[in-house]
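# Geometric and topological summary
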Amino acid sequence: MARTFDASAPDFDARFRRFLREPRATGHDVAGIVGKILDEVEERGGEAVATHTAKFDELQIDPVTLTSDNVNLAELAAQCPDDLKQAIDFAHDRIAAYHRAQMPQDHSFTDEVGVELGWRWTSLDSVGVYVPGGRASYPSSVLMNVVPAKIAGVGRIVMVAPAPKGELSPAVAYAALHAGVDEYYPIGGAQAVAALAFGAGHLEPVDKIVGPGNAFVAEAKRQVFGRVGIDTIAGPSEILVIADETAHPDWVAADLLSQAEHDPSSQSILITVDESVGKAVDNSVDRQLKSLATAERAARSWSAHGAIVTARDLDQAAAVANIVAPEHAVLCVADPDALLPKIRHAGAVFLGHHTPEALGDYVTGSNHVLPTSRAARFSSGLGLADFMKRMSVQRATPAGFDALAPAALRLAEAERLPAHARSITIRTNAGGGHDG
């Protein structure tokens, strides 16, 4: 049973914020373990990657090529069932259409003093995509990361996905080839992140690393950030549902369990304006757990990190949701469009009773790589711009230079940077006239 809160209680804010701060990560010394692996890969390259792959995945790989004769992407992709291929193709096309619409435009203008200003967008040269592997089958993770990178024009897309004992999901293999992965290496964990960041064997380093992983992968991305770019440091999955009296308790319970089943560290929160709905949802969760194949971890998640909050009205419900800033927010209310403007912090929002979060995971087209751990307060989900860079561009004519130079010179002097000042005065008439 999840914990219950009354949003109108005097001590609600303090109690609820303590609840949100409760740790949901592993208790291992993740940072220390990851740091050692990163150091070993940076020092020994492919040999270290091969050693750790043999240790953790029981797979022998060539330390130079970082490949294994037991893992062939094309052969695995051929084993993917036709109906699953069709579903992957369908999802691919919708994801591509959504992200193609995000393509930013270059822009330039000339201001009142004749200075030309603007910006240009350019794609990254290379991206590494981390995909959970082994028996886990997450072709959607492949699509959500590779498709926008391809549309952005990234020149080289490298996928890493562990293949324990040589096992990799045929669906993942098919999605990778269909989406346009250029290189694949059957490696995972912190050693794979290190190889992408530092290079190892034939694997040349990439400019940015994206994609979900466990706590060790997330920590590795944290530690290599700066050497390379990263998308986000993903935490456990989260869902928040706001429900009024029109919500179907069984539907809401299923939505909450859709994230609870990911991991015992996942978090599912219901905010309702009808206390009877909250009780009905809680009872439905208990019933549905009895027939759920992932019941063990879903039940642990619900009991340890789940919550049911009773709010006075939808305004208060939205205010509580903004405190949570969830990865996913589902508005199971009579008029979700009226509630939407009040939701300021969420990775993705799902409107109405017929838009379960699972649709967004797979086929609406929007990206399911989203901020977690309240990071939606200051960040967005993965999008096309994450695979591009914006460069500012400026040009001053002689007249434009004359208009800007006095203020720039005064600021350079105030900051005691004489070379800055000289680069301005040398272009004035007093310093020898304009160049060109």
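What this report covers is the structure whose coordinates are included nearby. (Residues numbered from 1 in each chain as written. Predicted model: local features only at pLDDT ≥ 70, side-chain atom pairs only at ≥ 80, totals over all residues. Heavy atoms only, no water.)

### Regarding the sheet that holds strand β14 (residues 388–396)
Within a sheet, each strand pairs with its neighbour through backbone hydrogen bonds, oriented either parallel or antiparallel. Here three strands make up an open sheet; going across it, the order is β2-β3-β14 and the pairing antiparallel. A single partner strand is all that each edge strand has here, and the edge strands are β2 (107–110) and β14. When the angles between neighbouring strand axes are averaged without regard to direction, this sheet yields 15°. (Pairing = 2+ DSSP bridges. Helix = DSSP H or I, 4+ residues; strand = E, 2+ residues; numbered from the N terminus. Axes fitted to C-alpha atoms, helices over the stretch in contact; angles between N-to-C directions.)

### Brief notes about the pattern of salt bridges
Summed over all chains, the structure comprises 14 salt bridges. A salt bridge links R156 to E183, with the shortest nitrogen-to-oxygen separation between them at 2.5 Å. Of the two residues, R156 sits in strand β5 (residues 156–160) while E183 sits in strand β6 (residues 183–185), which places them 27 residues apart along the sequence. Two residues, K208 and D386, come together in a salt bridge whose shortest N-O distance is 4.0 Å. Remark: D386 occurs in the loop between α15 (357–362) and β14 and K208 occurs in strand β7 (residues 208–210); sequence separation between them is 178 residues. Exposure remark for K208: the relative accessible area of 12% places this residue in the buried category. (Salt bridge = Lys/Arg side-chain N within 4 Å of Asp/Glu carboxyl O. Buried < 20%, exposed > 50% of the residue type's maximum accessible area, 1.4 Å probe, protein only.)

### Observations concerning a nonpolar patch on the surface
On the surface, L340, V349 and L351 cluster together into a nonpolar patch covering about 180 Å² of accessible area. Within the secondary structure layout, L340 lies in the loop between α14 (336–339) and β13 (348–351). (Patch = residues over 30% accessible without salt bridge, like charges linked within 9 Å, V, L, I, M, F, W, Y side chains within 5 Å. Areas by Shrake-Rupley, 256 points an atom, 1.4 Å probe, with all protein chains shown as cover.)

### Focus: the packing of aromatic side chains
Applying the stated criterion across every chain, the model contains five aromatic pairs. Where F5 meets F12, the ring centres are 6.3 Å apart and the plane angle is 80°; that geometry is what we call edge-to-face. (Phe/Tyr/Trp six-rings, centres within 6.5 Å; stacked < 30°, edge-to-face > 60°.)

### Some points on helix α1 (residues 12–21)
Among all positions of α1, only F12, F16, F19 and L20 are buried. One face of α1 carries all of its buried residues, which in axial projection span an arc of 100°. Contacts made by the buried residues of α1 are with β1 (3–6), β10 (267–272), α12 (295–305), β11 (307–310) and α13 (314–324). (Arc of directions from axis to C-beta. Contact = heavy atoms within 4.5 Å.)

### Some points on the packing of helix α8 (residues 189–198) against helix α9 (residues 215–224)
Where α8 contacts α9, the axes come no closer than 8 Å and their chain directions differ by 25°. The angle between α8 and α9 places the two elements in the roughly parallel class. Relative to α9, the crossing made by α8 is right-handed. Taking contact as the criterion, the partners of G189, A190, V193, A197 and F198 in α8 are, on α9, F216, V217, A220, K221 and V224. Along the lines of polarity and charge, the residues of the contact of α8 with α9 split into eight nonpolar, one polar and one charged. (Parallel < 35°, antiparallel > 145°, perpendicular 65-115°, else oblique. Left-handed = near helix turned anticlockwise from the far one by under 90°. Nonpolar A, V, L, I, M, F, W, Y, C, P; charged D, E, K, R; others polar.)

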